[in-house]
Amino acid sequence: MPVDPSFSPYDLEFFAEDDVVKIVPSFSLPTFSHSSIRCIGGAFGPFKPNIPVEVPLWLAVALQKRNNCRILQPDWLNTETLQEALDQEKNTAAVFHRLPFHYLEISKILFLHAKEAFGTDLLKVKELVGDICKVRLSKINAGLQVLQGPMTVKLNNLSAAECNVIRPFFQGALDRFHLLASVCLRLLP
Amino acid sequence: MAGGAVRGARQGGDYYSLDAVLAEETLIPCMFKCGSRGVGRALDPSSGAEDVKPRAAAELPLWMLQALTSRDMLAVKVPRWYGEKMRRKIQAGAGVENLRLRCPYFYDVALALHATDGAPSVADLVISTFRSRYKEILTKAHSNESPKEMARIEALLSVEEAALFNAGRASLDALNRWRFGGRANPTRTRAKRRLDGAPVNGSR
Amino acid sequence: MFGKRAVDLVKELSAAGSDSLPPYNDEQVRLVLEEIAEHSATLKELSGVLNEKKRLREAELEERGEPSTSVSFGDFPEETSAFIVHHTSILRNKRLLLTYMKERMDRIKRLRWQQRSLSEDTKQNLSQAEIEWFNTYSQLLSGYMRRDTGVGMDLTLDESPPKDPDMYVRVLRDYGEVAFSMGSVVLKKGSTHFLPRAEADPLIREGVLCPSQSGPIEAFNSSNDYV
């Protein structure tokens, strides 16, 4: 029964599965449509052994589970790029580094289903994603602390999971500020 | 007439809300401007008289006020938890005040009073209270305190603040649970067990 | 104070927490209804007194040759204020009773999504009307989920949608060869398989299999062979 209108992290993970990743298929798909498949989200393919192709994450994972493909490491999800992102996050207090909207969801799925894509870097990459998330959450927290009334707080480039984690509190606090201020407009700061 | 006005101002959608209903039980110090026949003992069990005399003091629940004040039959006084003493404490920093003890529905009662005809408004006081406590609630909700410390903090908050505090905690917990493993919706099984009183048996 | 009994009902639910359902408090509900009846009787009496007073005052004014239309109930604040107190109390009691019923109904509705039927323990906490309501709601929902009259899917089955029609399972005890839709599999203790969710489910409930997060390491290694 739908009681809770907000998203759970699992809902967001589901949305993230529509994002595209590169795979190397180990099969070919001989169909009339040039060996591509038509899905609600678009047409994907063609699938030929050893020819990299872009597919939605859900399809990549489904194929990988059945040993029909190898998922490739996305170019933003490697040690150098992430280390750079982490440094930037740390150096700029007010600005958030631009990461894929579903970076946490995608990396979680890949860490689980495409471990071998990361080779020996797996632990290091995992750790970096964790650190980035930690730094960003504490920056968000600091950003929200300046709220003094029913007004805006500028937080750009937040990811889906980050928006989601602050939504219940932030929305509730804004509602409360609004409620209190609306009875007494002159008391606004 | 009646009842409507207190919730009418703001709480129209809260007719069935447990919290809204309970907030309106808060007793507010009042003074009858006119006498009232036969309700003395019900309104004040300690009074032996059947009738309420003019200028008699009474503590009436919030839900009773508007029907009487709108007809100029009742004067509402400022409850002590919005009094001068509280005002001074807020100015000195409201972070440490135990609102739950003073008035569990600190903000909603103030809003309802504000909407009541002829009642003194304390909106400015509660706005500054919320403004000065907001940051603390946010920081603590997202901190890594022990469950015991969290419970201690929650006990200091008004019901409205606690709802916010717990919402903040729950979403962070949900994120961490998702990131570091565990099943989807683990709370559901717990809820199930408590609902039917029997242990959960297996999958469905 | 008026409305005290009714608010105790609501407090009962509030204190129990939104995940539990305390016994239906028949006795207290009856007392609240009695209180409402008392208020109602007092209102009738007060209205009689007020009308009588107003009539007398009007007659008095007419006798003196003064206009009598200006007489209102507000001229008798002692009775009017009492009238308001009783009337407001009736409305308050009504709201509290409705809140009590509605909150219970919402919780009972949630039960239907968590379990197909009411356990004996739960049943004892429901009133007759609530049990009937549960059954009616249950029929409605079942009808909606049936193949011929509705969507043909058990919507209460998966709290969150399954990721994949197939799932990884680990074998907990030797079970021999089993025929699945995609072929037969020998279920040997400790081995991991990738099976159709619907077909693995009965075996999971039996304790033969348990869901596993991901496949065996060999699966990853063998996938490299294709490259």
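All of these numbers come straight from a predicted model, not from anything done at the bench.

**Focus: the overall build of chain C**
Helices and strands together make up the secondary structure of chain C, namely 7 helices and 5 strands. Scanning chain C from its N terminus toward the C terminus, one meets helices and strands in the order α-α-α-α-α-β-β-β-β-α-β-α. In terms of overall size, chain C is more extended than a compact globule, its C-alpha atoms giving a radius of gyration of 33 Å where 227 residues would be expected to give roughly 17 Å. Seen along its three principal axes, the alpha-carbon backbone of chain C occupies a region of about 115 × 40 × 35 Å. Counting the 227 residues in chain C, one finds 22% classified as buried. For chain C, restricting intrachain contacts to residue pairs at least 6 apart in sequence, the fraction spanning at least 24 positions comes to 58%.

**Regarding the sheet that holds strand S2 (residues 57–61) of chain B**
Two modes of strand pairing occur in sheets, parallel and antiparallel, and in both the strands are linked by backbone hydrogen bonds. Residues and elements named next belong to chain B. The antiparallel open sheet is built from 3 strands, whose spatial order is S2-S1-S3. Looking at strand neighbours, the two that pair on one side only are S2 and strand S3 (74–76), the edges of this open sheet. Put simply, the sheet's adjacent strands are angled 45° from each other on average, direction ignored. Taken together, the 3 bridges between strand S1 (residues 27–32) and S3 define a ladder with antiparallel strand orientation. Bridged to Phe32 within S3 is Leu74.

**Digging into the UniProt feature "domain: GINS subunit" (unreviewed entry) in chain C**
What UniProt calls "domain: GINS subunit" (unreviewed entry) maps, in this numbering, to residues 83–146 of chain C. For residues 83–146 of chain C, helix accounts for 86% and strand for 0%, while the C-alpha atoms at its two ends are 55 Å apart.

**Some points on the sheet that holds strand S1 (residues 166–171) of chain C**
Residue and element names in this part refer to chain C. Spatially, 3 strands are ordered S4-S1-S5 in an open sheet, and the strand pairing comes out antiparallel. Every interior strand has two partners, whereas the edge strands, strand S4 (192–196) and strand S5 (209–211), have only one. Strand-to-strand, the axes of this sheet are offset by a mean angle of 45°, without reference to chain direction. Sitting on the sheet, helix H6 (residues 197–206) touches S1, S4 and S5, and the angle it makes with S4 is about 120°.

**Things to note about unusual backbone geometry**
What you tend to see is this: most non-glycine residues have negative phi, and most peptide bonds are trans. Residue and element names in this part refer to chain A. Look at Asn50: it is not a glycine, yet its phi comes out positive at around 70°. Checked against the element boundaries, Asn50 lands in the loop between strand S3 (42–44) and strand S4 (53–56). The backbone phi angle of Asn67 is positive, close to 60°, even though this residue is not glycine. Position of Asn67 among the secondary structure elements: in the loop between helix H2 (57–65) and strand S5 (69–71).

**A closer look at the UniProt feature "domain: DNA replication complex GINS protein PSF1 C-terminal" (unreviewed entry) in chain C**
Here, UniProt's "domain: DNA replication complex GINS protein PSF1 C-terminal" (unreviewed entry) annotation points to residues 163–209 of chain C. Secondary structure across residues 163–209 of chain C divides into 21% helix and 47% strand, with the first and last C-alpha atoms of the span separated by 19 Å.

**Considering the confidence of the model for chain A**
This prediction gives chain A a mean pLDDT of 86; 90% of its residues lie at or above 70. Confidence, expressed as mean pLDDT per element, reaches its minimum in chain A at strand S2 (residues 37–39) of chain A with 81 and its maximum at strand S1 (residues 20–25) of chain A with 94.

**Re the confidence of the model for chain C**
All names here are of chain C. Residues at a pLDDT of 70 or more form 91% of chain C, whose mean pLDDT is 86. Confidence drops under a pLDDT of 50 for residues 216–227, and excluding neighbours within four residues, the segment shows 13 contacts in the predicted structure. Reported confidence for the predicted complex is 0.86 by ipTM and 0.78 by pTM.

**Section: the nonpolar core**
Counting residues in each nonpolar core, the largest one holds 104 residues, and the members touching the most others are Ala60 of chain A together with Leu65, Val109, Ala110 and Val126 of chain B. Tyr168, Leu187, Leu195 and Ala200 of chain C belong to the second largest nonpolar core, which has 8 residues in total.

**A few points about the packing of helix H6 (residues 160–182) of chain A against helix H8 (residues 123–141) of chain B**
Contact pair H6 of chain A / H8 of chain B: the axes reach a minimum separation of 10 Å and the direction vectors enclose 170°. Classified by the angle between their axes, H6 of chain A and H8 of chain B sit roughly antiparallel to one another. Residues Phe169, Ala173, Arg176, Leu180 and Ala181 of chain A of H6 of chain A form the contact with H8 of chain B, whose own contacting residues are Ala123, Val126, Ile127, Phe130, Tyr134, Leu138 and Ala141 of chain B. Grouping the constituent residues of the contact of H6 of chain A with H8 of chain B by class yields 11 nonpolar, no polar and 1 charged.

**What to know about the domain arrangement of chain A**
Residue and element names in this part refer to chain A. Assigned domains of chain A: these are domain 1 (16–72) and domain 2 (75–181). Using only C-alpha atoms to locate each centre, domain 1 and domain 2 end up separated by 29 Å. With 7 residues of domain 1 at the interface, the matching set in domain 2 holds 8 residues. Counting residues per element, the side of domain 1 that touches domain 2 draws most heavily on H2, at 3 residues. The residue makeup of the side of domain 1 that touches domain 2, split by class, is 5 nonpolar, 1 polar and 1 charged.

**Comments concerning the packing of H8 of chain B against helix H10 (residues 159–179) of chain B**
Residues and elements named next belong to chain B. At their nearest, the axes of H8 and H10 sit 8 Å apart, and the two run at 35° to each other. In this structure, H8 crosses over H10, and the sense of that crossing is right-handed. For the pair H8 and H10, contact is made by Arg133, Ile137, Leu138, Lys140 and Ala141 and by Glu161, Leu164, Phe165, Gly168 and Arg169, respectively. Grouping the constituent residues of the contact of H8 with H10 by class yields 5 nonpolar, 1 polar and 4 charged.

**Quick notes on the environment of Ser158 of chain B**
Residues and elements named next belong to chain B. Locating Ser158 in the fold gives a position in the loop between helix H9 (147–156) and H10. You can call Ser158 buried: it has 25 C-beta atoms within 10 Å. In this structure the C-alpha to C-alpha distance between Ser158 and Cys30, which are 128 residues apart in sequence, comes to 23 Å. Setting aside anything within four residues of it in sequence, one finds Ser158 in contact with Leu99, Arg100, Pro104, Tyr105, Phe106 and Tyr107.

Thresholds, definitions, all that
Residues numbered from 1 in each chain as written. Chains lettered and ligands numbered in written order. Predicted model: local features only at pLDDT ≥ 70, side-chain atom pairs only at ≥ 80, totals over all residues. Helix = DSSP H or I, 4+ residues; strand = E, 2+ residues; numbered from the N terminus. Rg over C-alpha atoms; globule rule 2.2 N^0.38 Å. Buried ≥ 20, exposed ≤ 12 C-beta atoms within 10 Å, placed from the backbone. Contact = placed C-beta atoms within 7 Å. Pairing = 2+ DSSP bridges. Axes fitted to C-alpha atoms, helices over the stretch in contact; angles between N-to-C directions. UniProt positions renumbered as here; feature names shortened; annotations may be inferred. pLDDT = per-residue confidence, 0-100. Core = buried A, V, L, I, M, F, W, Y, C linked by C-beta atoms within 7 Å. Parallel < 35°, antiparallel > 145°, perpendicular 65-115°, else oblique. Nonpolar A, V, L, I, M, F, W, Y, C, P; charged D, E, K, R; others polar. Domains from an automatic or database assignment. Left-handed = near helix turned anticlockwise from the far one by under 90°.

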